[in-house]
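Observations on the three-dimensional arrangement
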Amino acid sequence: MNFKDLAELAADAKDRPILSLFETPGRATQFSRRFDGLYFDFSKTNIDDKTMSALLSLAQNTDVAAKRDAMFSGALINETEGRAVLHSALRAPDSVEIRVDGEDVMPGVVATRNRMADFTKDVRSGTFTGQGGRITDVVNIGIGGSDLGPVMGVKALSSYHDGPKIHFVSNVDGAHIADTLADLNPETTLVIVASKTFNTIETMTNATTARDWMAKAVSTPGDQFAALSTADDKTAEFGIAPERVFGFEDWVGGRYSMWGPIGLSLMIAIGPDRFMEFLHGGAAMDAHFRQAPLADNLPVLLALVGIWHHQGMGYATRAVLPYEQRLERLPAYLQQLEMESNGKRVAMDGSDLQTASGPVVWGEPGTNGQHAFYQLIHQGTAIVPCEFMIGAKGHEPELDHHHRLLVANCLAQSEALLKGRSLEKARELMAAKGFKDGELERQARHRVFPGNRPSTTLVYDLLTPYRLGQIIALYEHRVFVEGVILGLNSFDQWGVELGKELAIALQPVLDGKASAEGKDGSTRALIDVIQSA
Ligand SMILES: O=P(O)(O)OC[C@H]1O[C@H](O)[C@H](O)[C@@H](O)[C@@H]1O
């Protein structure tokens with residue numbers, strides 16, 4: 001089985017209505033899996049038995065299981081950077097042993113985890129104070145993987161918050177930090193500078209601005225700063241005392257880092273015990289990914305559905321549609337996770353990729369998206385596979401009628417995508433409204449839904465810290481499996497470098513200290529327009 005065979009299978013599937021697959025009794029059971037509070041339904045896709053076995057043999061031929069084991073064993077599978085990939089160690093139980101270059105990394109992980117918990121307890125209890133008293137607000141300054149995970153997690157688990165208020169600043173646009181600090185009291189604010197490299201220009205610019213803001217109100221601003229980084233030399237240079245520096249190793253990629261020190265703001269929001277539940281959820285998904293047969297393995301199945309839709313059927317994008325307002329930042333988080341990991345045109349060995357790279361990932365929570373872009377999903381010419389997510393229960397039992405409406409909407413959307421509405425039915429509707437002849441036909445055509453549009457639905461009971469941990473680890477491993485099947489390295493991100501280099505080179509030009517000579521005509525004109533405004 002290879003990508004050419006997959007394309008042939010996909011060509012056959014194009015004329016097969018998904019709905020017809022439900023004529024086989026038991027399809028919903030056969031094309032769904034349950035695992036530990038999660039239910040993944042992929043029966044509303046154009047995958048039948050034959051497709052499924054072809055996809056599974058693609059996973060076998062590309063050595064998914066062996067590569068998975070290599071990742072967990074600490075092998076240097078991030079080959080372009082010569083690094084292991086062990087974010088799973090951050091959520092592993094204290095008792096296990098995980099070796100990188102012969103050394104067990106777990107004692108270090110556990111020690112940092114315990115230091116984070118101690119610091120968190122001190123902040124939450126008021127043992128650690130600002131220079132004006134108990135900490136009321138925490139500002140996490142970071143970007144990319146040092147922002148999206150904590151932002152997503154803090155919002156997702158807001159019903160568990162019982163600590164200080166958490167704020168996030170990521171953009172180098174001064175508006176972001178100005179708006180965030182405007183309402184805060186520097187004497188009772190803790191600033192966390194989150195940066196794996198402690199070198200990212202946006203984060204360091206914002207951190208310096210925050211320190212200047214604090215210095216106007218307190219005598220030793222550094223005492224109200226903490227740092228999360230792999231670069232302890234740079235954190236010391238910035239003036240943050242080692243007891244408030246929480247380090248991690250280069251085998252944790254930025255977009256995979258919310259399980260360790262980068263998750264400190266989440267730990268402060270919900271407390272160490274609940275943060276541990278989040279880690280346990282992730283660890284449970286790790287165990288499932290390592291042990292379950294490929295055909296019952298949730299990350300593998302999500303990956304195979306993704307490969308089928310993008311590389312097989314040629315659908316350019318996929319939408320992530322959580323029917324859970326608190327997951328409003330999940331699509332943005334998954335954009336980095338999936339697109340920075342698998343948006344690559346060169347295979348691990350340096351050759352051109354034999355097929356399309358990872359898809360564009362986008363989305364918004366339902367029901368909001370329904371009133372914005374679902375028009376295109378239902379009637380546009382592009383087919384967008386939709387990944388719905390819904391909790392069986394919400395955190396507001398007193399508002400249960402809201403939740404039932406939410407669920408009804410989620411299920412109705414996947415049903416509408418599957419079944420559509422025929423021209424015949426649309427004609428009946430328009431005739432009932434009194435339309436006739438040519439006008440009836442014209443009006444009816446606008447009301448046709450082609451249907452036969454694929455979707456999956458992930459149901460969980462309630463969005464607890466544990467469930468969130470499972471879901472995030474599920475997506476991490478899905479991205480890994482897709483990367484293995486595509487033959488690329490999901491753990492580097494060379495594609496972000498060129499823009500950074502050019503931005504640094506443009507700074508002196510914008511400062512008027514260097515000429516724009518050598519720049520292309522468009523860039524020169526843009527510089528002129530901005531400088532003369
Ligand atoms: O955590 P930092 O070192 O500040 O990096 C922040 C982010 O910037 C980089 O440009 C990468 O694209 C991201 O993967 C990373 O998460």
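Residues numbered from 1 in each chain as written. Predicted model: local features only at pLDDT ≥ 70, side-chain atom pairs only at ≥ 80, totals over all residues.

So, the site of the ligand
- Around the ligand, the surrounding shell holds 14 residues, and the nearest of these are Gly144, Gly145, Ser195, Thr200 and Gly254.
- Looking at the shell around the ligand residue by residue, the classes come out as 2 nonpolar, 9 polar and 3 charged. (Near = placed C-beta within 6 Å. Nonpolar A, V, L, I, M, F, W, Y, C, P; charged D, E, K, R; others polar.)

Side note on the packing of helix H17 (residues 423-432) against helix H18 (residues 437-446)
- Packing of H17 against H18 brings their axes to within 8 Å, and their N-to-C directions diverge by 125°. One way to sum up the angle between H17 and H18 is to call them oblique. For the crossing formed where H17 meets H18, the hand is right-handed. Seen from H17, the contacting residues are Leu423, Ala426, Arg427, Met430 and Ala431; seen from H18, they are Leu440, Gln443, Ala444 and Arg445.
- Here the residues of the contact of H17 with H18 are counted per class, giving 6 nonpolar, 1 polar and 2 charged. (Axes fitted to C-alpha atoms, helices over the stretch in contact; angles between N-to-C directions. Helix = DSSP H or I, 4+ residues; strand = E, 2+ residues; numbered from the N terminus. Parallel < 35°, antiparallel > 145°, perpendicular 65-115°, else oblique. Left-handed = near helix turned anticlockwise from the far one by under 90°. Contact = placed C-beta atoms within 7 Å.)

With respect to the environment of Asn78
- By the element assignment, Asn78 lies in the loop between helix H5 (64-73) and strand S3 (99-100).
- If near-sequence neighbours (up to four positions away) are discounted, Asn78 is found in contact with Arg83, Val85, Asn489, Phe491 and Asp492.

Remarks on the environment of Met430
- Note that Met430 resides in helix H17.
- Distance in space between the C-alpha atoms of Met430 and Arg447 is 8.9 Å, their sequence separation being 17 residues.
- Ignoring anything within four residues of it in the chain, the contact list for Met430 reads Phe435, Leu440, Gln443, Ala444 and Arg447.

Considering the sheet that holds strand S11 (residues 245-247)
- In spatial order, the strands read S8-S7-S9-S10-S11; together these 5 strands make up an open sheet with parallel pairing. Bordering the open sheet on either side are strand S8 (165-169) and S11, each of which pairs with just one other strand. Going across the sheet, the axis of each strand differs from the next one's by a mean of 20°, ignoring polarity.
- In the sheet, strand S7 (residues 137-141) pairs with strand S9 (residues 189-194) via 5 bridges, with the strands oriented parallel. Bridge assignment links Asp137 to a residue of S9, and that residue is Thr189.
- On top of the sheet, helix H9 (residues 201-215) reaches S7, S8, S9 and strand S10 (225-229); it is set at about 150° to S7, its chief contact. (Pairing = 2+ DSSP bridges.)

A short note on the domain arrangement of the chain
- As assigned here, the chain comprises domain 1 (3-10 + 36-75 + 277-419 + 454-492), domain 2 (102-270) and domain 3 (497-532).
- The C-alpha centroid of domain 2 is placed 30 Å from the C-alpha centroid of domain 1.
- Tallying the contact residues gives 19 residues for domain 1 and 18 residues for domain 2.
- Contributing elements (two or more residues each) for the side of domain 1 that touches domain 2: helix H12 (272-291), helix H14 (330-342) and helix H19 (465-486). (Domains from an automatic or database assignment.)

Topic: helix H16 (residues 400-419)
- Its 20 residues give H16 an end-to-end C-alpha distance of 28 Å, which sits within 8% of 28 Å, the value for a rise of 1.5 Å per residue.
- Listed in full, the buried residues belonging to H16 are Leu406, Cys410, Gln413, Ser414 and Leu417. Looking straight down H16, one finds that the buried residues subtend no more than 85° of arc, so they occupy a single side. Looking at H16, the residues exposed on the side facing more than 90 degrees away from the buried face are Asp400, His401, Arg404, Leu405, Ala408 and Ala412.
- If you follow the buried residues of H16, they end up packed against strand S12 (317-323), helix H15 (374-379), strand S14 (386-391) and strand S15 (455-460).
- Looking one or two residues past H16, Gly420 carries a phi angle of roughly 65°, positive in sign. (Expected span 1.5 Å × (residues − 1). Buried ≥ 20, exposed ≤ 12 C-beta atoms within 10 Å, placed from the backbone. Arc of directions from axis to C-beta.)

Digging into the UniProt feature "active site" (unreviewed entry) in the chain
- According to UniProt, the positions carrying the feature "active site" (unreviewed entry) are Glu340, His371 and Lys500. Maximum C-alpha separation among the annotated residues is 36.4 Å over a sequence range of 161 residues, too wide for a single clustered spot.
- A residue is classified by how many C-beta atoms lie within 10 Å of it, and Glu340, with 22 of them, is buried.
- For Glu340, the contacting residues outside a window of four places in its chain are Arg255 and Gln493.
- By the element assignment, His371 lies in the loop between strand S13 (360-363) and H15. (UniProt positions renumbered as here; feature names shortened; annotations may be inferred.)

Observations regarding unusual backbone geometry
- The omega torsion of the bond from Gly366 to Thr367 falls at 10°, within 30 degrees of zero and hence cis.
- Along the chain, Thr367 falls in the loop between S13 and H15.
- The phi dihedral of Asp63 falls on the positive side, at around 60°, and the residue is not glycine.
- When you line up the elements, Asp63 lands in the loop between helix H4 (49-61) and H5.
- Among the residues examined, Asp63 registers 13 C-beta atoms within 10 Å and is labelled partly exposed.
- You will see that Asn452, though not glycine, has its phi angle at about 60°, which is positive.
- Locating Asn452 in the fold gives a position in the loop between H18 and S15.

A closer look at the pairing of S12
- For S12, the buried fraction is high: 6 of the 7 residues fall into the buried class.
- Judged from the 4 bridges that link them, S12 and S13 form a sheet pairing that is parallel. What sits directly across from Thr317, in S13, is Val360.
- For the handedness criterion, the β-α-β arrangement of S12, H14 and S13 is classed as right-handed.
- As paired strands, S12 and S14 are joined by 5 bridges and run parallel to one another. Looking at the pairing, Pro322 lines up with Met389 of S14. (Right-handed = clockwise from strand over helix to strand, strands pointing away.)

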